[in-house]
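Notes for the structure review
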Amino acid sequence: IRDPLADSIELRLFAGRELRAHGYPAEAKKVFQEVVSRLGNVAADDRRGLLWQARALYEAGELQRARDGFRQVLAHDSASVEALGRIATASVHLGDMATAREMEERLKKVSLPFPMGAALRWRAVIASAQGRTSEAVALLDQAVRQGLRLMDTPPNITVHLDPDFVGIEKTPAWKAMLQSLADASLPK
């Protein structure tokens, strides 16, 4: 069963990310702020609403509020790798390296039944936010080799659309990683 509210919010977040990725940051910020306004005051027990709001706040650059929102998400789901990752990256941008390190350590210890490289992906985002591009690419490479799908994990926050990965696709390390993955997929 389709959920029109969910579809509408996810589409707006996706549209904003695409606008930003293709050189329209001001228009993207308006879209993200529209999502925040549309959601209004989210109840503390509305997990889905809290996640959407935290995502929109992060995308709009309201990092303190986004970090607080992702902390609420984490309170509901202590294994949320997205919340751990975004608390860390928001902390990096806010200059709070102690919290960033704490969240990264927690990501290293996450134990999920089918992790598919998710924790490594978020550790890569943290490394990228800190300007450690080579490490970010190495972590992404590990994540993909553990099952991460670069195209859709998490939905609509691909490397191309994630604000903390801006520019990584143009690096020699990224190109070498993709070539290595392509080579590994060829029949022997």
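Calculation notes
- Residues numbered from 1 in each chain as written.
- Predicted model: local features only at pLDDT ≥ 70, side-chain atom pairs only at ≥ 80, totals over all residues.
- Heavy atoms only, no water.
- Helix = DSSP H or I, 4+ residues; strand = E, 2+ residues; numbered from the N terminus.
- Expected span 1.5 Å × (residues − 1).
- Contact = heavy atoms within 4.5 Å.
- Salt bridge = Lys/Arg side-chain N within 4 Å of Asp/Glu carboxyl O.
- Buried < 20%, exposed > 50% of the residue type's maximum accessible area, 1.4 Å probe, protein only.
- Polar contact = N/O pair within 3.5 Å; in protein donor to acceptor, adjacent residues only side chain to side chain.
- Phe/Tyr/Trp six-rings, centres within 6.5 Å; stacked < 30°, edge-to-face > 60°.
- Lys NZ or Arg CZ within 6 Å of the ring centre and 35° of its normal.
- Core = buried A, V, L, I, M, F, W, Y, C linked by side-chain atoms within 4.5 Å.

Section: helix 2 (residues 25–39)
Its 15 residues give helix 2 an end-to-end C-alpha distance of 21 Å, which sits within 8% of 21 Å, the value for a rise of 1.5 Å per residue. Tucked inside the fold, the buried residues of helix 2 contact helix 1 (4–21), helix 3 (47–59) and helix 4 (63–76). Two residues or fewer past helix 2, Gly 40 is found with a positive phi of approximately 60 degrees.

Some details on the pattern of salt bridges
Two side chains that carry opposite charge are able to pair once their charged atoms sit near each other. Summed over all chains, the structure comprises 17 salt bridges. In this structure, Glu 82 and Arg 55 form a salt bridge, with 2.7 Å as the shortest nitrogen-oxygen distance. Placement of Glu 82 in helix 5 (residues 81–94) and of Arg 55 in helix 3 is noted, with a sequence separation of 27 residues between them. Neither Glu 82 nor Arg 55 differs from the other in exposure class; each is buried. Linking Glu 62 and Arg 65 is a salt bridge whose minimum nitrogen-to-oxygen distance equals 2.7 Å. Note on Arg 65: relative accessible area 44%, which makes it partly exposed. It is possible to trace a salt-bridge network through shared partners that takes in Arg 86, Arg 121, Asp 162 and Asp 164.

A short note on helix 3
In this model, helix 3 (13 residues) spans 18 Å end to end at C-alpha, consistent with the 18 Å of a helix rising 1.5 Å per residue. Of all the 13 residues making up helix 3, 10 are buried; the element is thus mostly covered by neighbouring parts of the structure. Inspection of helix 3 places Gly 49, Leu 50, Trp 52, Gln 53, Ala 54, Arg 55, Ala 56, Leu 57, Tyr 58 and Glu 59 among the buried residues, and these make up the whole buried set. Of the surrounding elements, those touching the buried residues of helix 3 are helix 1, helix 2, helix 4 and helix 5. Positive backbone phi, at 85 degrees, marks Gly 61, one or two positions downstream of helix 3.

Some thoughts on the side chain of Arg 67
The topology assignment puts Arg 67 in helix 4. Of note is the side chain of Arg 67, whose polar atom sits 2.8 Å from the side chain of Ser 91. Excluding residues within four positions of it along the chain, Arg 67 makes contact with Ile 87, Ala 90, Ser 91, Leu 94, Asp 96 and Thr 99.

Topic: the packing of aromatic side chains
Enumeration over the complete set of coordinates arrives at zero aromatic pairs. Its guanidinium or amino end placed over the ring of Trp 122, Arg 121 lies 4.3 Å from that ring's centre, counting from NZ or CZ.

A few points about the nonpolar core
Note that soluble globular proteins tend to have their nonpolar side chains buried in a common cluster. The biggest cluster of nonpolar side chains holds 53 residues, and the ones touching the most others in it are Leu 13, Leu 107, Leu 140 and Phe 165. Examining the composition of this core, we find that nine residues originate from one element, helix 7 (residues 118–129), more than from any other. Ignoring anything within four residues of it in the chain, the contact list for Phe 165 reads Arg 121, Ala 124, Val 125, Ser 128, Ala 136, Leu 140 and Val 159.

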